Amino acid sequence: MKYSIKAGATNKINSDCIAVVVWNKGGLSEEAQLADKVGDKGISKIVRSEDFTGTLGQTHIVYNPIGLKSKRLLLIGGGESKKLDGKNAARMLTAGLKAVFASKAASAHFAIASLNVKDETPEWVCQRLSQEAETASYRYNTTKSTKSKAVRANLISVSPSKGARRKSLEEALKSGSAIGAGINRARHLGNLPGNICTPSYLADEATAIGSKHSSMKIKILGEKQMGRLKMGSLLSVSAGSAEEAKLIVMEYKGAKADSKPHVLVGKGVTFDTGGISLKGGGGMDEMKFDMCGAASVIGVMATVAQLKLPINIVGLVGAVENMPSSTATKPGDIVTSMAGKTIEVLNTDAEGRLVLCDVLTYAERYKPRSVIDIATLTGAAVATFGSHVSALLSNNDKLIEELIDCGKSSLDRVWPLPLWEEYQPLLNSNFADIANIGGPRAGTITAACFLSKFAEKFKWAHLDIAGSAWHSGAQKGATGRPVALLVEYLSQQKA
Ligand code: BES
Ligand code: MN
Ligand code: ZN
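Residues numbered from 1 in each chain as written. Chains lettered and ligands numbered in written order. Predicted model: local features only at pLDDT ≥ 70, side-chain atom pairs only at ≥ 80, totals over all residues. Heavy atoms only, no water.

### Examining the packing of aromatic side chains
Following the criterion strictly, the structure yields three aromatic pairs and no others. With a centroid separation of 5.1 Å and 20 degrees between ring planes, the pair formed by Phe289 and Trp470 is classed as stacked. Of this pair, Phe289 sits in the loop between strand E9 (262-272) and helix H9 (292-307) while Trp470 sits in strand E18 (residues 470-471); the two residues are 181 residues apart in sequence, bridging distant segments of the chain. Take Phe289 and Trp470: they sit in the same class, and that class is buried. Ring geometry for Tyr362 against Tyr366: centres 6.4 Å apart, planes inclined by 65 degrees, an arrangement best described as edge-to-face. Pair check on accessibility: Tyr362 and Tyr366 agree, each one buried. Over the aromatic face of Phe454 sits the side chain of Lys341, whose NZ or CZ is 5.8 Å from the ring centroid. (Phe/Tyr/Trp six-rings, centres within 6.5 Å; stacked < 30°, edge-to-face > 60°. Helix = DSSP H or I, 4+ residues; strand = E, 2+ residues; numbered from the N terminus. Buried < 20%, exposed > 50% of the residue type's maximum accessible area, 1.4 Å probe, protein only. Lys NZ or Arg CZ within 6 Å of the ring centre and 35° of its normal.)

### Looking at the coordination of the zinc ion (ligand 3)
Here the zinc ion (ligand 3) is held by the protein donor atoms Lys267 (NZ), Asp272 (OD), Asp290 (OD) and Glu351 (OE), which lie 2.0 to 2.4 Å from it. Viewed at the metal, the six donor atoms of the zinc ion (ligand 3) are separated by angles of 78 to 174 degrees, and the geometry they form is octahedral. All donor residues of the zinc ion (ligand 3) come from one chain, and their arrangement in sequence is K-x4-D-x17-D-x60-E. The distance between the zinc ion (ligand 3) and the manganese ion (ligand 2) comes to 3.1 Å, and Asp272 binds to both of them. On the criterion of sequence distance, the pair formed by Lys267 in strand E9 and Glu351 in the loop between strand E12 (342-345) and helix H10 (352-363) is long-range, its members being 84 residues apart. Like Glu351, Lys267 is buried. (Donors = N, O, S within 2.8 Å, 3.2 Å for Na, K, Ca; no water. Tetrahedral: all angles 85-135°; square planar, octahedral: opposite > 155°, others 65-115°.)

### Points about the sheet that holds strand E2 (residues 17-22)
Spatially, E1-E6-E5-E2-E4-E3 is the arrangement adopted by the six strands of the open sheet, whose pairing is mixed. Every interior strand has two partners, whereas the edge strands, strand E1 (2-5) and strand E3 (59-63), have only one. Each neighbouring strand pair of the sheet contributes to a mean axis angle of 20 degrees, computed without reference to strand direction. By the bridge criterion, six bridges tie E2 to strand E4 (residues 72-77) in an arrangement that is parallel. (Pairing = 2+ DSSP bridges. Axes fitted to C-alpha atoms, helices over the stretch in contact; angles between N-to-C directions.)

### Re the pattern of salt bridges
One pass over the structure, following the stated rule, counts 19 salt bridges. Residue Lys219 is joined to Glu251 by a salt bridge in which the shortest nitrogen-to-oxygen separation is 3.6 Å. Taken as a pair, Lys219 in strand E7 (residues 216-221) and Glu251 in strand E8 (residues 246-253) lie far apart in primary sequence, 32 residues in all. When its relative accessible area of 33% is taken as the criterion, Lys219 is described as partly exposed. Judged by its relative accessible area of 11%, Glu251 is buried. Several salt bridges converge on common partners, so that one network encompasses Lys217, Lys219 and Glu251. (Salt bridge = Lys/Arg side-chain N within 4 Å of Asp/Glu carboxyl O.)

### Overview of the site of ligand 1
Around ligand 1, the structure places 16 residues, and the nearest of them are Lys279, Asp290, Asp349, Glu351 and Gly379. The side chain of Lys267 places a nitrogen or oxygen atom 3.2 Å from an oxygen atom of ligand 1. A per-class count over the shell around ligand 1 returns five nonpolar, four polar and seven charged. (Near = heavy atom within 4 Å. Polar contact = N/O pair within 3.5 Å; in protein donor to acceptor, adjacent residues only side chain to side chain. Nonpolar A, V, L, I, M, F, W, Y, C, P; charged D, E, K, R; others polar.)

### Comments concerning the coordination of the manganese ion (ligand 2)
A metal bound by six donors in octahedral fashion has ideal angles of 90 or 180 degrees, whereas one bound by four tetrahedral donors has an ideal angle of 109.5 degrees. Distances from the manganese ion (ligand 2) to its protein donors, namely Asp272 (OD), Asp349 (O), Asp349 (OD) and Glu351 (OE), fall within the range 2.1 to 2.2 Å. Each of the six donor atoms around the manganese ion (ligand 2) contributes to a set of angles spanning 71 to 168 degrees, which defines the coordination as irregular. Here the donor residues for the manganese ion (ligand 2) map to a single chain with the spacing D-x76-D-x1-E. For Asp272, a relative accessible area of 3% puts it in the buried group.

### Things to note about the nonpolar core
Leu202, Ile372, Leu463 and Leu490 are the most contacted members of the largest nonpolar core, which has 59 residues in total. By residue number, the principal contributor to this core is H9, which donates ten residues. Excluding anything up to four places from it in sequence, Ile372 contacts Val263, Leu264, Val265, Leu403, Ala461, Leu463, Leu486 and Tyr489. Val359, Phe450, Phe454 and Phe458 belong to the second-largest nonpolar core, a separate cluster that totals 47 residues. (Core = buried A, V, L, I, M, F, W, Y, C linked by side-chain atoms within 4.5 Å. Contact = heavy atoms within 4.5 Å.)

### As for unusual backbone geometry
Between Arg481 and the following residue, Pro482, the backbone shows a cis peptide bond with an omega angle of 0 degrees. Its location among the elements puts Pro482 in the loop between strand E19 (477-478) and helix H14 (483-491). At Lys41, a residue that is not glycine, the phi angle is positive and equals roughly 60 degrees. Exposure remark for Lys41: the relative accessible area of 45% places this residue in the partly exposed category. Its identity is not glycine, yet Asn64 carries a phi of approximately 45 degrees, on the positive side. Structurally, Asn64 is set in the loop between E3 and E4. A relative accessible area of 61% places Asn64 in the exposed class.

On their own, these measurements won't tell you what the molecule is for.
As structure tokens, then:
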């Protein structure tokens, strides 16, 4: 998709489709007023008919509108103009884009210069528009014989808001499209089945991204190399699998070589059967999504390289498959982590933390400014938060505030849970330094408590995305979260 800023009166713009906003109860935006005036009061008539009243997200297409240089006039409902915050604006834009993509229009112009979004800038609107355009045009086709057609539209333009700099609006359109592409990449990796998206597949994906950017260096460590690093915890998860575990290292340099990086760590369990602590059969297919943390890291790395962010960033992915077999780790087995701590594996289904702890220890070598791990870690996070928000646990209060703020502006929200010492004894073991489960209560917190013991040397946050990473049911599919949040966070960092 191509994006541009196009100035000019709404009735002078050439495009296959011109979109204007109509407010709740038929109030017309400036652009809609002009289209109405040159168009024989056509919009007013539609609004009076009450077929279209401007409720948030409603759309209506008028063909061959009078007075416009366009085959289509798209009316987008904006709801109550006073209630137009970022969330509602995004809903409105998405509805408009979906209407464009459902039509055969090859181009569309959003005449929304007069739009005022509470607490957000015109740049935010442009960024959101291109991000939503990318994500709304994603189609999953890889394993289908009948492919759904790509959307016809390939050109989207926007009117510049008064007072905004054209250059910065153009930059915003570029950012949004790069973020949308990163989200789609993460979604696609998540959606691919476990027999295609293996640890090696994720490694190849990272390698392919690296080959496109001279600013990115990729290293792939196999089981032998991880053995030499004494990653006994991570390796215990893949012990039952025929697929080789991979540690994927993506080093992006946007600043001076010696500038300390921010590190992202992704849980990449390409399928989680539970291992010997086998999961029940119902819905187990969804455990192909247990690599969505990894997918988000890979998506973010592709996006930051495209955006040329002026900082150094390292993406680390622990990619494994958790299978039961005669070589699999058994409940009660004790493994030694790279940090030297022994771990009693009381439940082989609590495998994510076993993977992450060794990758967190690996992250120490970078002396990172911050480390954020992203993981579909606990069913308890789904029970606590449902799908709207990712759980956030951290050893740094400032980082918590920062991530909450980034979540708000990127509409990819996180919310904190306490990470208190009081929970730590739940992980006591009679036979090892620590147990890998803390019992049935406070599951998201005890999982983070476990990780915190391997994150003492840096500023760290853990995002449990078990509820937010994918949709179940008829709309089953990965969401690409929290790519938008992480790109927002990294965009705010300085070298
Ligand atoms: N990948 C799962 C967590 C999960 C479950 C995410 C369901 C989304 C939906 C994780 O590896 C797991 O199995 N966690 C266990 C931990 C328990 C054994 C302490 C869980 O949450 O049940
Ligand atoms: Mn599990
Ligand atoms: Zn898992």
